[in-house]
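One letter stands for each residue in the lines below.
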Amino acid sequence: MLPYGRQSIAECDVEAVTRVLRGDWLTTGPAVGAFEAELTRWTGGVPCVSVTSGTAALHVAYAAAEVRAGDEVITSPLTFVATAATAALLGARVVFADVQPDTGNLDPDAVAAMAGRRTRVVTAVDYAGHPADYDELRAVAERAGATLVGDAAHSIGAAYKDRPVGSLADLTTFSFFPTKTVTTAEGGAVAAADPERHARAARFRNHGLVRDPAEQREPDVGGWHQEVHEFGLNYRLPDVLCALGISQLRRLAGFRERRRELVSRYNLLLRDVPGLMLPEQRTYVSPSWHLYPVRVRDGRRREVYDRMRAAGIGVQVNYVPAYWHPVFADLGYRRGLCPRAEAYYAEELSLPLFPDLTDAQQDRVVETLAGILA
């Protein structure tokens, strides 16, 4: 089966990991800071906190934004459920706003219609690696007195109006799952320009521990003393995975370029295939393509999915609208809330896209898809 996405591991990645395995620190050591510093080079200098997954990154970001019970978090339904679930776990009410029909990104006008005095956070999702319209979303968030969060699980290395992802929102989250552009096997990070939010994020990922005597309530107990002022969790990313992340980040430019080449080839080879809509790109955006999401028209998406998989081509669907999951249905969310997102989902199909995909493999994907739709 040709997968829709997979990691690219080179000998330099293996060597980076084995150096840590032969050293003194498997976790909470120097590779953590080195990885965070390397990641900061891609966020325009915005400092980062590494965590154990993209889901953990969202949880940490919402905690850093001080999301509490009774707050509202507005986000897109066209995302993996974690974008909403982590807000709900903190007691927030998740409000789903509709998406733009071309990019699948959060629609600022839809957010503006729903923002109110209880809105604590607006969370954009850079669907498929195409950055959302951050300037418009920031204006909406500021009018509501809300924090702007960017779920950049798909878009590391991308830019919006010549500004890098990681510098566009108040808090930005990344994912390093194997199908993503850069991997640490499992892992994530939060970028936070504001020092107080950065400090809250760093504490939350480490049980909420306060070790600086200047910040402790009883600083003179002894050198072993540490305090918890607010609850946190163990979301620490270990050195062995950070070492892999450092090596992968140094390959990020090459990963992005190969993905761009593959997207350009798909655009050329599929442009005349009937019953197919290709992904859009805004002129002011430089995407970091994580997915290649086509739209299969005329109600044929299920047929195409089944026949492509039967042919050994691992297409995928991204994503079931978040509020369609039973956990949200049981909370009273109903289908029909975001008709554009639901229409997008009904036609979406992600074709294989990863740096090690060969031209010959891509040709096979195109020929199989075109043959089915002919």
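Residues numbered from 1 in each chain as written. Predicted model: local features only at pLDDT ≥ 70, side-chain atom pairs only at ≥ 80, totals over all residues. Heavy atoms only, no water.

### Looking at the sheet that holds strand S7 (residues 163-164)
Then step 1. Read from one edge of the open sheet, 3 strands run S7-S6-S13, paired in antiparallel fashion. With one partner strand each, in any of the chains shown, S7 and strand S13 (285-286) form the two edges of the open sheet.
Then step 2. Looking at chain direction, strand S6 (residues 159-160) and S7 are connected through 2 bridges and run antiparallel. What sits directly across from Ala-159, in S7, is Pro-164. (Pairing = 2+ DSSP bridges. Helix = DSSP H or I, 4+ residues; strand = E, 2+ residues; numbered from the N terminus.)

### Quick notes on the packing of aromatic side chains
Then step 1. Applying the stated criterion to the full structure yields 12 aromatic pairs.
Then step 2. Ring geometry for Phe-204 versus Tyr-235: centroids 6.4 Å apart, planes at 50 degrees, classification tilted. Pair noted here: Phe-204 is in helix H7 (residues 195-204) and Tyr-235 is in the loop between strand S11 (227-228) and helix H8 (239-249), with a separation of 31 residues, a long-range link.
Then step 3. Consider the rings of Trp-324 and Tyr-345, whose centres lie 5.3 Å apart with planes at 80 degrees: the pair is edge-to-face. In this pair, Trp-324 is assigned in the loop between helix H10 (301-310) and helix H11 (326-329) and Tyr-345 in helix H12 (residues 339-347), connecting sequence segments 21 residues apart. As far as the burial class goes, Trp-324 and Tyr-345 line up, both buried. (Phe/Tyr/Trp six-rings, centres within 6.5 Å; stacked < 30°, edge-to-face > 60°. Buried < 20%, exposed > 50% of the residue type's maximum accessible area, 1.4 Å probe, protein only.)

### As for the sheet that holds strand S4 (residues 119-125)
Then step 1. Pairing is mixed in the open sheet, where 7 strands are placed in the order S1-S9-S8-S5-S4-S2-S3. Across the chains shown, the open sheet's two edge strands, defined by having one partner strand only, are strand S1 (48-51) and strand S3 (93-96). Each adjacent strand pair in this sheet contributes to an overall mean axis angle of 20 degrees, direction not counted.
Then step 2. Summarising the sheet, strand S8 (residues 171-175) and strand S9 (residues 188-192) pair through 5 bridges and their orientation is antiparallel. When the sheet's bridge partners are listed, Phe-174 is paired in S9 with Ala-189. (Axes fitted to C-alpha atoms, helices over the stretch in contact; angles between N-to-C directions.)

So yeah, pure geometry; function would need other evidence.
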